[in-house]
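Close look at the chain arrangement
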Amino acid sequence: MRSFCRHSIFSVSKLAPAVALAGMLVAPPASAQGVYRIVGPDGKVTYSDQPPPAATNARPVDGASSAGSAAPTLPAEVRQAASRYPVTLYTGADCSPCDSGRNFLSTRGIPFAEKTVNSSDDVAAFKRLSGATSLPLLTVGGQQLKGYSATEWGQYLDAAGYPKKSVLPPSYRREAATPLVEAKPAAAPATRTPAGQPAADTPAEVPVTPPASNPSGIRF
């Protein structure tokens, strides 16, 4: 039985029919393990899982699993599974099923990346990426699992080759959750100077009146 957050981030729609596990778990190509935020020449923002041309103004917003950065500390069987089928968990605020899913992955010892879907930009990117209407969403390689189901998640993790019990070393630390779309830094307000008034950091020039003994007005 799948569990979803009580409040969908979109209008609720019918779930996709259940599919057989066999043949559905595929390793995503290297070019599709991230989501890119692309800004076109006209300023229009789009999202794609395909790497854009080098000259395009784009940056990744959804990296691959955190297993990549932690790979040297992982046991061989975990490292192999994580390299072929990286795991990413998409969560939201005040979402009990998201908490259950996170605890399930942590208890089983699955290295995973967590992406939060809270802002309007996050929601737009999430909808473009998955078409899902509710959280949580788990991706194992190229397979998307909508809603939390310990049984279903476990089956896909088993098929991906992850150990059934945690074998992570005590020193392993998972990376902190990050927004699906990186927040833009706020622009600094421009300094406005009233007409005819000097800027606050520019000292006003004080007129010098030449003394009577220096009628030419020459300053030294």
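Look up a bit, the structure's there.
One structure accompanies this document, and this report is about it. (Residues numbered from 1 in each chain as written. Predicted model: local features only at pLDDT ≥ 70, side-chain atom pairs only at ≥ 80, totals over all residues. Heavy atoms only, no water.)

Moving on, we get to the packing of aromatic side chains. The tally for this structure, following the rule as stated, stands at 4 aromatic pairs. Aromatic side chains Tyr 90 and Phe 126 sit 5.7 Å apart centroid to centroid with 55 degrees between the ring planes, which places their arrangement in the tilted category. Here Tyr 90, found in strand β4 (residues 87–91), pairs with Phe 126, found in helix α4 (residues 120–130); they are 36 residues apart in sequence, far enough to count as distant. Residues Tyr 90 and Phe 126 agree in their burial class; the two are buried. The interplanar angle of 75 degrees and the centroid separation of 6.2 Å between the aromatic rings of Phe 104 and Trp 153 together place this pair among those described as edge-to-face. (Phe/Tyr/Trp six-rings, centres within 6.5 Å; stacked < 30°, edge-to-face > 60°. Helix = DSSP H or I, 4+ residues; strand = E, 2+ residues; numbered from the N terminus. Buried < 20%, exposed > 50% of the residue type's maximum accessible area, 1.4 Å probe, protein only.)

Residues Val 87, Leu 105, Leu 138, Val 140, Trp 153, Leu 157 and Tyr 162 are the most contacted members of the largest nonpolar core, which totals 18 residues. Those elements giving two or more residues to this core turn out to be α2 (76–84), β4, α3 (96–108), β6 (137–140) and α5 (150–160). Tallying contributions element by element places α5 first for this core, with 4 residues. The contact partners of Leu 157, leaving out residues within four places of it in the chain, are Val 87, Phe 104, Leu 105, Arg 108, Ile 110, Val 140 and Tyr 162. If you look at the next biggest cluster of nonpolar residues, it comprises 13 residues, including Cys 5, Tyr 90, Leu 137 and Leu 180. (Core = buried A, V, L, I, M, F, W, Y, C linked by side-chain atoms within 4.5 Å. Contact = heavy atoms within 4.5 Å.)

Turning our eyes to something else, we now look at the pattern of salt bridges. Applying the stated criterion across every chain yields a total of 5 salt bridges. Salt-bridge contacts for Asp 99 lead to Arg 102; the nearest nitrogen and oxygen are separated by 2.9 Å. With Asp 99 and Arg 102 both in helix α3 and 3 residues apart, this pair spans about one turn of that helix. Judged by its relative accessible area of 36%, Asp 99 falls in the partly exposed class. Its salt-bridge partner being Arg 102, residue Glu 114 comes within 2.8 Å of it at the nearest N-O pair. (Salt bridge = Lys/Arg side-chain N within 4 Å of Asp/Glu carboxyl O.)

Here strand β5 (residues 112–116) lies mainly inside the structure; 5 of its 5 residues are buried. By the bridge criterion, 5 bridges tie β4 to β5 in an arrangement that is parallel. Bridged to Thr 91 within β5 is Thr 116. A crossover links β4 with its parallel partner β5, the connecting element being α3, and its sense is right-handed. (Pairing = 2+ DSSP bridges. Right-handed = clockwise from strand over helix to strand, strands pointing away.)

Summarising the element assignment, Ile 110 is placed in the loop between α3 and β5. For Ile 110, a relative accessible area of 2% translates into the label buried. Residues Ile 110 and Leu 168, 58 residues apart in the sequence, show an inter-C-alpha distance of 8.2 Å.

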